[in-house]
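# Summary of the model geometry
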Amino acid sequence: MSVRTLVVDDSLTMQALIQRTLASDPNIQVVGTASSAEEARARIKELDPDVVTLDIEMPGMNGLDFLERLMRLRPTPVVMLSTLTSEGADASIAALELGAFECFDKLALRRPDEAIRLPALVRAASGSRGRSIAAAPRALEPAPQADYTPRDQAMIAVGASTGGVEALIELLSGFPANCPPTVIVQHMPPSFTASFAARLDRLCKPSVEEARAGAVLRPGKVYLAPGGDQHLEIAGPATRRYCRLLAGPKASGHQPSVDVLFHSVARVAGGDAVGAILTGMGADGAEGMLAMRHAGSVTIGQDEASSVVYGMPAVAHRIGAVVQQMPLRRIAARLLQECRA
């Protein structure tokens, strides 16, 4: 069955380019276009599309305001289109937090080798669940007691992709200020990770920052892999583990790669570490998590019901890499318990 898609962009030229890109996939049907939020609202009511591609910058009501209303009143999978510059990073992060499925770089539409990712995103978005931001927030597992203390050398490693912005906000909201040192790979464009780290730092009790080469892992600190052309690893002895950024080709289709991080955690931390693999397309992180489990780490996978995209956690589960699958709302408490002194 074709994925019925509505294209919303104020530029007729861009509308045509998006339609041409989506037409390369026989499983996608562009059922209509709109040039403004008002027109998009009418077209959504008329056509009831499976997926909407939405320009983040439009005249009148901008894309973010329209997205907020859409997700509250008529939840629909949305792929945001934006120029993924540092100036647009905050808006794009906000869109993902509001429930957009993913953000796609408009400039990539003019690069055939990158443009093919848009149809794949639209197909994946069609299988995601519409989520209303007006719904009552999901209750987290009880936060750790005030006297929580991580054991010496304990650490947490997390990997996520599509849907990870919301998932990581929820996960880290359950962490205390003195959480175990935590390293994260979230698939994101290079211009996004600094903005996302700053957003997490404002929302969560631990200190969150982009990982820097040589940064020593300390309790109460969360290190987010910078997007770009480097991988994040951990290195060093148990008493002084640190972040290492390595240039190199993509691994498991990504840079930074969850697999690269998890393999380094398996080598360096073994049974001191606890790992979690969250929502995301593809298989990045599954083999690395299997290595962690073989090295003695406790490994947790997000379950299908709470995943925006049950891809990465599904593969990890299928190959036996996860000790247990569980809903996102329970994962923070489990990670912290495994690291408790």
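Cut-offs and rules
Residues numbered from 1 in each chain as written. Predicted model: local features only at pLDDT ≥ 70, side-chain atom pairs only at ≥ 80, totals over all residues. Heavy atoms only, no water. Pairing = 2+ DSSP bridges. Helix = DSSP H or I, 4+ residues; strand = E, 2+ residues; numbered from the N terminus. Axes fitted to C-alpha atoms, helices over the stretch in contact; angles between N-to-C directions. Salt bridge = Lys/Arg side-chain N within 4 Å of Asp/Glu carboxyl O. Buried < 20%, exposed > 50% of the residue type's maximum accessible area, 1.4 Å probe, protein only. Arc of directions from axis to C-beta. Contact = heavy atoms within 4.5 Å. Polar contact = N/O pair within 3.5 Å; in protein donor to acceptor, adjacent residues only side chain to side chain. Parallel < 35°, antiparallel > 145°, perpendicular 65-115°, else oblique. Left-handed = near helix turned anticlockwise from the far one by under 90°. Nonpolar A, V, L, I, M, F, W, Y, C, P; charged D, E, K, R; others polar. Right-handed = clockwise from strand over helix to strand, strands pointing away. pLDDT = per-residue confidence, 0-100.

### Some words on the sheet that holds strand 5 (residues 102–105)
Strands in a sheet are paired, the pairing made by backbone hydrogen bonds, and the direction either parallel or antiparallel. Pairing within the open sheet is parallel, and its five strands lie in the order 2-1-3-4-5. The open sheet terminates on both sides in strands that have one partner only, identified here as strand 2 (28–34) and strand 5. Averaged over all pairs of adjacent strands, the angle between strand axes in this sheet comes to 25°, irrespective of strand direction. The pairing of strand 4 (residues 78–82) with strand 5 spans four bridges and is classified as parallel. Counterpart to Val-79 in the pairing with strand 5 is Glu-102.

### Observations regarding the sheet that holds strand 7 (residues 182–186)
Spatially, seven strands are ordered 8-9-7-6-12-13-14 in an open sheet, and the strand pairing comes out parallel. What marks the edges here is a single partner per strand, and that holds for strand 8 (207–210) and strand 14 (324–326). Taken pair by pair, the neighbouring strands of this sheet meet at an average axis angle of 20°, ignoring direction. As judged from the four bridges shared by strand 8 and strand 9 (residues 221–224), these two strands associate in the parallel manner.

### What to know about the pattern of salt bridges
Tallied over the full model, the rule gives 17 salt bridges. Between Arg-74 and Asp-48 there is a salt bridge whose closest N-O contact spans 3.5 Å. Placement of Arg-74 in the loop between helix 3 (63–73) and strand 4 and of Asp-48 in the loop between helix 2 (37–47) and strand 3 (51–55) is noted, with a sequence separation of 26 residues between them. Measuring nitrogen to oxygen at the nearest pair gives 3.3 Å for the salt bridge that ties Asp-147 to Arg-340. With Asp-147 in the loop between helix 6 (117–126) and strand 6 (155–160) and Arg-340 in the segment after helix 12 (328–338), this residue pair connects regions lying 193 residues apart in the sequence. A residue is classified by how much of its surface remains accessible, and Arg-340, at 25% relative accessible area, is partly exposed. Among the charged side chains, a salt-bridge network with shared partners connects Asp-9, Asp-55 and Lys-106.

### Examining helix 6
Listing the buried residues of helix 6 in full gives Leu-118, Pro-119, Leu-121, Val-122 and Ala-125. In an axial view of helix 6, the angular spread of the buried residues amounts to 160°, which keeps them on one side of the axis.

### Quick notes on helix 9 (residues 258–268)
Among the eleven residues in helix 9, eight count as buried, and that is most of the element. All buried positions along helix 9 are accounted for by Val-258, Asp-259, Val-260, Leu-261, Phe-262, Ser-264, Val-265 and Ala-266. Among the structural elements, strand 6, strand 7, strand 10 (230–235), strand 12 (273–277), helix 10 (286–294) and helix 11 (312–318) are those in contact with the buried residues of helix 9. In this structure Ser-257 caps helix 9, since a side-chain oxygen of it lies 3.1 Å from the backbone nitrogen of Asp-259. Following helix 9 by one or two positions, Gly-270 has its phi on the positive side, about 50°.

### Examining the packing of helix 7 (residues 164–173) against helix 12
Axis separation between helix 7 and helix 12 bottoms out at 8 Å; the angle between their running directions is 45°. Between helix 7 and helix 12, the angle is such that the two are oblique. The hand of the helix 7/helix 12 crossing is right-handed. Side by side, helix 7 and helix 12 meet where Ala-167, Glu-170 and Leu-171 of the first sit next to Leu-328, Arg-329, Ile-331, Ala-332 and Leu-335 of the second. Considering only residue class, the contact of helix 7 with helix 12 consists of six nonpolar, no polar and two charged.

### Side note on the pairing of strand 12
Of all five residues making up strand 12, five are buried, and the element is well covered by its neighbours. Of the two faces of strand 12, the one carrying Ala-273, Gly-275 and Ile-277 and the one carrying Val-274 and Ala-276 are both buried. The pairing of strand 6 with strand 12 spans five bridges and is classified as parallel. For Ile-156, the partnering residue across the bridge sits in strand 12 and is Val-274. Bridge count for strand 12 against strand 13 (residues 298–302) is four bridges, and the pairing is parallel. The partner of Ala-276 across the bridge, within strand 13, is Ile-300. Tracing the backbone out of strand 12, into helix 10 and back to the parallel element strand 13 gives a crossover that is right-handed.

### Structural notes on unusual backbone geometry
A cis geometry characterises the amide bond from Gln-255 onward to Pro-256, with omega recorded as 5°. Considering the arrangement of structural elements, one finds Pro-256 in the loop between strand 11 (242–247) and helix 9. Although it is not a glycine, Gln-153 sits at a positive phi angle of roughly 70°. Along the polypeptide, Gln-153 turns up in the loop between helix 6 and strand 6.

### Some remarks on the confidence of the model for the protein
Mean pLDDT for the protein: 92, with 94% of residues reaching 70 or above. Within the model, the stretch residues 130–137 combines pLDDT values under 50 with 15 contacts to residues more than four positions away or in other chains.

### Description of the pairing of strand 11
The sheet contact formed by strand 10 and strand 11 spans six bridges and is antiparallel. The residue of strand 11 that forms the bridge with Gln-230 is Ala-247. Where strand 10 folds back onto strand 11 in an antiparallel hairpin, the turn is made up of six residues, including Gly-236, whose phi is positive at roughly 100°.

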